[in-house]
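So the chains spell out like this:
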Amino acid sequence: MSRIVYVNGEYVPEEDAMISVFDRGFLFADGVYEVSAVINRKLVDNDAHMARLARSMNELKMTPPGTAEEIEAIQLKLIEENDLNEGVIYLQVTRGAADRDFAFPIDATPSLVMFTQAKSITSNAVAEKGISVITVPDIRWKRRDIKTVGLLPASMAKQASVEAGAGDAWFVEDGIVNEGSSNNAFIVTHEGKIVTRHLGTEILHGITRKAVMALAAQENLEVEERAFTPEEAYEAREAFSTSASAFVMPVVKIDDHVLGNGVPGPVAEKLRALYIEMATNG
Ligand code: PDD
């Protein structure tokens, strides 16, 4: 069934959606994006996604295509048009179309594209078993705090995990685990401490990461934001990743090292359940 997608002011069937070959998103990956979850037809933590979008655009001196309220109104209309009960909304802003030139065009109009993807997030057989991850060198650019569409290194990392028979890849740089290919990475130590890499330009400041850390604090679970090595992760009691598209995903194996009994750990399961409850009930 064809979806209705949004392209620069129009709601059109997906096969009629068009963008210029001169669009700088296409030519230079000169674009930023957000992925917001939809549960029971409602956007999850969308204000935080809008705030991060504004920050990404600002860091790249990109003209916003509209206010956060205007963008959210389009998201809500797409949920309705596509009868989306559960899944994600992808939105992308690019600097727009202009004759090819490395310098930013002076008068380009930003492009805004949005589409929905139906997906079962809250009930997910993969999350029940947990995934294995491989570690790969982090070959991305140095401003990973900006959510750009320049995702080839992430795509290559994910493909490497597929070829290795794993579910995802974790980026390692200077001996420390930065984050997953499209999620933030966490371990739980034998002392029961939840550890995730501290914020910086090296990782995306995940919206789900922040919400899950707040839920952990409410449960009186200790969270440490600090560097951890793959070796520390191999010895961890549990591990998991967080993202808007998978919420809390238990990790049961890292490279050749099975964690615990090879099943999702209690901390990951608890945080997954709490996050789902929050996303479902607001
Ligand atoms: N990815 N780190 C990276 C590199 C990401 O691409 C993402 C999200 C995250 C998690 O951020 P959040 O919790 O705000 O979704 C961390 C989205 C889901 C994607 O690219 O599809």
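Heads up: the structure comes first, above all this text.
Explain the sheet that holds strand β3 (residues 31-39) here, please?
Across a sheet, strands are paired by hydrogen bonds formed along the backbone, either parallel or antiparallel in direction. Taken in spatial order, the 6 strands of this open sheet run β2-β1-β6-β5-β3-β4, and their pairing is antiparallel. Strands with a single pairing partner mark the edges of an open sheet, and in this sheet they are β2 (10-13) and β4 (42-43). Of the pairings in the sheet, the one linking β3 to strand β5 (residues 87-94) comprises 8 bridges and is antiparallel in character. Among the inter-strand pairings, alanine 37 is bridged to a residue of β5, identified as valine 88. Taken strand by strand, helix α3 (residues 68-81) contacts β1 (4-7), β2, β3, β4, β5 and β6 (111-118), and its axis lies near 35 degrees from that of β6.

What is the right way to look at unusual backbone geometry in this model?
Trans peptide bonds make up most of the peptide bonds, and negative phi angles are found at most residues other than glycine. Of note in the backbone geometry, arginine 41 takes a positive phi value of approximately 70 degrees without being a glycine. Residue position: arginine 41 is located in the loop between β3 and β4.

Whenever I open this one, the pattern of salt bridges confuses me. Can you help?
Side-chain pairs of opposite charge can arise whenever the charged atoms involved come near each other. Tallied over the entire structure, the rule returns 21 salt bridges. The salt bridge involving aspartate 168 is made with lysine 158; its shortest N-O contact spans 3.8 Å. With a gap of 10 residues between them, aspartate 168 in strand β8 (residues 168-173) and lysine 158 in helix α5 (residues 152-163) connect regions that are remote in the sequence. Look at aspartate 168 and you get buried, because its relative accessible area is 2%. What makes lysine 158 partly exposed here is its relative accessible area of 35%. Lysine 193 is the partner of glutamate 224 in a salt bridge, and the nearest nitrogen-oxygen pair spans 3.4 Å. With glutamate 224 in strand β12 (residues 223-225) and lysine 193 in the loop between β10 (184-188) and β11 (194-196), this pair connects stretches of sequence that are 31 residues apart. The class for lysine 193 is partly exposed, based on a relative accessible area of 26%.

Here is what the cut-offs are and how they apply
- Residues numbered from 1 in each chain as written.
- Predicted model: local features only at pLDDT ≥ 70, side-chain atom pairs only at ≥ 80, totals over all residues.
- Heavy atoms only, no water.
- Pairing = 2+ DSSP bridges.
- Helix = DSSP H or I, 4+ residues; strand = E, 2+ residues; numbered from the N terminus.
- Contact = heavy atoms within 4.5 Å.
- Axes fitted to C-alpha atoms, helices over the stretch in contact; angles between N-to-C directions.
- Salt bridge = Lys/Arg side-chain N within 4 Å of Asp/Glu carboxyl O.
- Buried < 20%, exposed > 50% of the residue type's maximum accessible area, 1.4 Å probe, protein only.

Keep in mind these numbers describe shape, not what the thing actually does.
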